[in-house]
Amino acid sequence: MALTLVAAATVAGGLLTGALLAIGMPKNLTLDTTALLDLVKISLAVVGGIGGAVALVIAYRRQRLTEEDNHRARQAAHREDTKLYIERFDKATDKLGSDAPAVRLAGVHALAALADDWRGGRQMCIDVLCAYLRMPPEPSPAQDAAKYATWRAMREVRATIARLIAVHLRAGSASWCGSDLDFTGVVFDDEADFSNVIISGGSVSFRGAVFSGSEVSFTGAMFSNGTTLFDNAVFSGSEVSFVFAKFAGGEVSFDAAEFSGGEVDFIAAEFTGGRMSFNGAKFSGGEVSFDGAYFMDGRTLFDEAVFASGKVSFGGGKFSGRGVWFSKAVFSGGEMSFRGAEFVGGEAATGGDVAFDRVQFTGGEMVFDEAAFIGGEMVFDEAAFIGGEVRFNAVADWSCPPTGLPAKAPGLHLPTSSAVAADDSQTVAGNPN
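In this text, all values refer to a predicted model and were calculated from it rather than measured experimentally. (Residues numbered from 1 in each chain as written. Predicted model: local features only at pLDDT ≥ 70, side-chain atom pairs only at ≥ 80, totals over all residues. Heavy atoms only, no water.)

(A) Up close: the pattern of salt bridges. Using the criterion set out here, one finds eleven salt bridges in the structure. Between Arg163 and Glu156 there is a salt bridge whose closest N-O contact spans 3.5 Å. Taking relative accessible area as the criterion, Glu156 reaches 42% and is therefore assigned partly exposed. The salt bridge involving Arg339 is made with Asp369; its shortest N-O contact spans 3.9 Å. Placement of the pair is Arg339 in the loop between β20 (330–337) and β21 (342–343) and Asp369 in the loop between β23 (360–367) and β24 (372–373), with a sequence separation of 30 residues. Arg339 gets classed as partly exposed once you look at its relative accessible area, which sits at 38%. Residue class for Asp369 comes out partly exposed when judged on its relative accessible area of 21%. A single salt-bridge network, built from bridges that share partners, covers Glu335, Arg339 and Asp369. (Salt bridge = Lys/Arg side-chain N within 4 Å of Asp/Glu carboxyl O. Buried < 20%, exposed > 50% of the residue type's maximum accessible area, 1.4 Å probe, protein only. Helix = DSSP H or I, 4+ residues; strand = E, 2+ residues; numbered from the N terminus.)

(B) Representation of helix α4 (residues 122–133). The end-to-end C-alpha distance of α4, which contains twelve residues, comes to 17 Å, matching closely the 16 Å that a straight helix rising 1.5 Å per residue would cover. Residues Arg122, Cys125, Ile126, Leu129, Cys130, Tyr132 and Leu133 constitute the buried set of α4. Down the axis, α4 shows its buried residues gathered within 155 degrees of arc, on one side only. (Expected span 1.5 Å × (residues − 1). Arc of directions from axis to C-beta.)

(C) Examining the pairing of strand β13 (residues 258–265) more closely. By the bridge criterion, two bridges tie strand β10 (residues 234–235) to β13 in an arrangement that is parallel. Across the sheet, Val234 pairs through a bridge with Glu258, a residue of β13. Pairing analysis gives three bridges linking strand β11 (residues 239–241) to β13, with the strands arranged parallel. Bridge pairing links Val240 to Val264 in β13. Pairing of β13 with strand β15 (residues 282–289) involves six bridges; the strand directions are parallel. Looking across to β15, one finds that Glu263 is bridged to Glu287. (Pairing = 2+ DSSP bridges.)

So, in structure tokens, the structure goes:
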């Protein structure tokens, strides 16, 4: 302020001197009325300018002090809020350690409410809830009856956690969308409803999870970004539904998963982007259905998968785009069906729309009854037909047949000459018929 006053006084003195010189002073000391009025105006302007400069400095300082006070107040409020959040977190987690199921339920709801209120600590609250689900699996009643009874009593607590997580991932709420969810090794032996959830961003892991009873539903779920992993998961007895699910981006992986019982449904699911993989998965029982699924873009990979028993169905599916690859897969038993499927897409970068290159058919049955090959590309390059049945003899349309099929091979049934007579220009690679 002092510097401002000095500068203003200096400027004012200079202006006043300049004004006096302009009206002929000090040579002419006589002031007429006009000159006197001009001098008064200049003096008032100078005084006003000095006052304005001082006012600006005062306002600036006041604003700075106000901002600093507000900043300190916000910091103090933030520290106080954080302190209260931490206290709520401690109380909620203490309740989760209670021996009473009702108290644990209260702790679950308290943590979920805290996650909604405390954006900065939301992931920490979610991590605790997921960690509870990852607690050791059901103990044997024969080994420890007391622990078994306690574990069963807490079943509702686990179900409530799964339900709350799903609620916060659905459209209209989706407040936890984008958070990381770790269900690694979780045993789903009861119903879990993840229908219509939105998986967009973040990482969701079901690695090593076990689906052994009742139903787990992902019906209508949307997987649009991020990563969702079911690697090494075991599907041994429950029904897992991805009916009408949409896979529009990101990555969903079932690598090395085991399908040994129960039912996994991808009925009418849409695969329109991203990557979905069953690489190294083992199908040894139960049923996996892709009936009516739509493969328009992205990739669905079954590379090196083993089909030993059970049933995998793509009935009525539509393949238009890069599609499905079965590179180096082994078919040694069970049944794979493409009944009524349509292959209508264009060429893919490599491997075609559906690729069975270097596949081994050693058993089981693969059926293409009523399938329509009217575009796109299916390749069987270097496929080995050693046993089992691969049936093309009842296809609905053979306009654009697969490439790489041998003329004859054990268990391989190609359309007869009459079936392809409608278009003599189309022939099966290597097939004189």
